[in-house]
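This is what each chain is made of:
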Amino acid sequence: MTDTNTGELDIDSWLDENWDPEITVAEWWGRMGKAGLSNPTLPAPYGRGWSRAQAGALVDAMVARGALGPPAGIGMMLAAPTLLAHGSPELIEEFVPKILNGQHGWCQLFSEPVAGSDLAGLQTKAIRDGDEWIINGQKVWTSGGQWADYGILIARTDPDLPKHRGISYFAFPMMQDGVDIRPLREMTGRAMFNEVFMDDCRVPATSLLGDLNDGWRVTNTTLMVERSSIGGETIAAPSAAIAGTVSGHLDRKAGSFGDEPHAMGGGMVGAGRLKSMIKLAKENGTINNPVLRQDLMRLHTMISISDWHIGRMKSGNAATGSEGNMAKLRNSDMTRLTREVGCSILGPGATLSGPDSPSRGELQELTVFSPAPSIYGGTDQVQRNIIGERGLGLAKEPGPDNRTTPFSDLAKNV
Ligand SMILES: Cc1cc2nc3c(=O)[nH]c(=O)nc-3n(C[C@H](O)[C@H](O)[C@H](O)COP(=O)(O)OP(=O)(O)OC[C@H]3O[C@@H](n4cnc5c(N)ncnc54)[C@H](O)[C@@H]3O)c2cc1C
């Protein structure tokens, strides 16, 4: 990784010199990572310390020439920022460059069958054995688990400590005996997420992020990054290629993806989606419907406010500390409105699916995907609880004193 990345760069000249649809995805992502352009808002040497506006200019330039976007997914969105915040210099150097150049794909091993909203109630165990930890347990809803080289894993390392204290956070290698990944089919028709069973799996003791039994603090970094990312913080050109050694995309030509939809699904909402909906409405004449025009304006207003809100947060002017939770809640509203307006534009075509249908099936897929954003990254109800308790200082929900009672003495979900 070079340490020469500075804020200054002529984007068009850089793309002229580096974007080539004939090179492999690995080579293209390698060039982006080396130049600090995979996520230019990260500080140098990993990014370029750019503002959202500068990162947006890169996205526009890449979209204009049809360049493949950077390696997206859990590695870029969650693992890299968490590693940079809590990892030792050795862990950062081991993992972050390979996230930025797409060599490694990651997944998030947090939720369990009995620990979703109540995430700190997790029961996956890690027991120390020499220089390693032995992991036993089950995770669920693991997006992209089937393509991941590594997972950010939280496991209980001391059940005799209070619920939030005995949890530790690991960079977990997925390619090992004892990891059983079973895809779950969604109503979109895809199997984006999985059950992951870990049976006597191993993780090196050096792969601990943060201190032993202090993984909840690290987890909160990941969760806050996740919420603000879902709420619109992430700015990147679209990419249908999946990072890592498993998907088989690294050896494909960078220009070979065309209009291929992303294998993780097409649920994204935002300015790009709005633009394509307006284009479709103009093509099929529904743009002349005054109610639909009003709804498109409502959506535009929501997207703009959300963008300004995130911009204020990123510039260090957050007023409440709950900005990420609010951004995530607003994303749920935007998704629902995008679904309603999209289906109005499509009319009866909204019942069709596949690349030959209007909108190439994208708005139809978004429609069946639309319940998901109000669940993943913490449900809408959980965001409201956090805003109420931490942002507004309202009383906590009644229950046992989690701060002092050992986890082993608490009633468990089964
Ligand atoms: C598309 C998708 C992708 C996902 N990807 C991942 C992933 O990659 N990795 C991962 O670890 N997890 C992932 N998840 C899991 C997600 O984080 C959980 O589904 C979520 O946290 C909710 O947990 P749960 O499903 O167990 O629901 P529960 O916690 O059982 O909640 C059920 C209902 O009860 C409500 N509820 C629960 N507790 C409270 C409370 N205290 N106050 C008010 N209402 C409450 C909830 O809001 C919800 O409506 C994904 C989920 C989805 C839908």
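Residues numbered from 1 in each chain as written. Predicted model: local features only at pLDDT ≥ 70, side-chain atom pairs only at ≥ 80, totals over all residues.

A tally of regular secondary structure across the protein gives eleven helices and eight strands. Whereas a compact globule of 414 residues would reach a radius of gyration of roughly 22 Å, the protein reaches 22 Å, a difference of no more than 12%. Seen through its principal axes, the protein has C-alpha atoms that stretch 65 × 50 × 40 Å. Here the protein holds 414 residues, and the buried ones make up 42% of them. Sequence separation of 24 or more characterises 75% of the internal contacts of the protein that already satisfy a separation of 6 or more. (Helix = DSSP H or I, 4+ residues; strand = E, 2+ residues; numbered from the N terminus. Rg over C-alpha atoms; globule rule 2.2 N^0.38 Å. Buried ≥ 20, exposed ≤ 12 C-beta atoms within 10 Å, placed from the backbone. Contact = placed C-beta atoms within 7 Å.)

Now for the site of the ligand. As a structural note, the neighbourhood of the ligand is formed by 18 residues, with Phe110, Gly116, Ser117, Trp141 and Thr379 the closest of them. The set of elements that each furnish at least two residues to the shell around the ligand consists of strand E1 (106–109) and helix H11 (380–391). Ranked by residue count, the leading element in the shell around the ligand is H11, at three residues. Among the residues making up the shell around the ligand, the classes are represented as eight nonpolar, ten polar and no charged. Viewed by domain, the shell around the ligand spans two of them, domain 1 (103–215) and domain 2 (266–378), each represented by three or more residues. (Near = placed C-beta within 6 Å. Nonpolar A, V, L, I, M, F, W, Y, C, P; charged D, E, K, R; others polar. Domains from an automatic or database assignment.)

Next up on the list: helix H5 (residues 89–100). The end-to-end C-alpha separation of H5 is 16 Å, in line with the 16 Å expected for twelve residues at 1.5 Å each. Within the sequence span of H5, burial applies to Phe95, Val96, Lys98, Ile99 and Leu100. If you follow the buried residues of H5, they end up packed against helix H2 (25–34), helix H4 (74–86), E1 and strand E5 (167–173). Note on H5: the residue one or two positions beyond its end, Gly102, has a positive phi of about 75°. (Expected span 1.5 Å × (residues − 1).)

Helix length check: helix H9 (residues 323–346) (24 residues) gives 34 Å between terminal C-alpha atoms against 34 Å at 1.5 Å per residue, within 8%. Within H9, 18 of the 24 residues are buried, leaving the element largely enclosed by the surrounding structure. Positive backbone phi, approximately 60°, marks Gly347, located one or two places after H9.

A word on the pairing of E5. A large share of E5 lies buried, amounting to six of its seven residues. Sheet analysis places strand E4 (residues 150–156) next to E5, joined by seven bridges and oriented antiparallel. Counted as the bridge partner of Tyr150 is Pro173 from E5. For E5 and strand E8 (residues 208–209), the ladder comprises two bridges, and the chain directions are antiparallel. (Pairing = 2+ DSSP bridges.)

We now examine the nonpolar core. Core analysis: the biggest nonpolar cluster contains 63 residues, and Ala79, Ile99, Trp106, Ile135, Phe170 and Phe172 have the highest contact counts within it. Leave out the neighbours within four places in its chain, and Ala79 touches Ile74, Ile99, Trp106 and Ile152. Residues Leu296, Met334, Leu366 and Ala372 belong to the second largest nonpolar core, which totals 15 residues. (Core = buried A, V, L, I, M, F, W, Y, C linked by C-beta atoms within 7 Å.)

A word on the domain arrangement of the protein. One can read the domain layout of the protein as domain 1 (103–215) and domain 2 (266–378). Placing a centre on the C-alpha atoms of domain 1 and another on those of domain 2 gives a separation of 32 Å.

Turning to the environment of Ser374, a few remarks are in order. Checked against the element boundaries, Ser374 lands in the loop between helix H10 (362–369) and H11. Distance from Ser374 to Arg336, taken between C-alpha atoms, is 9.4 Å for residues 38 residues apart in sequence. Beyond its immediate stretch of four places on either side in the chain, Ser374 contacts Ser332, Thr379 and Asp380.

Right, let's talk about the environment of Val114 for a bit. Along the polypeptide, Val114 turns up in the loop between E1 and strand E2 (125–129). Sequence separation between Val114 and Ser207 is 93 residues, and the spatial gap between their C-alpha atoms is 26 Å.

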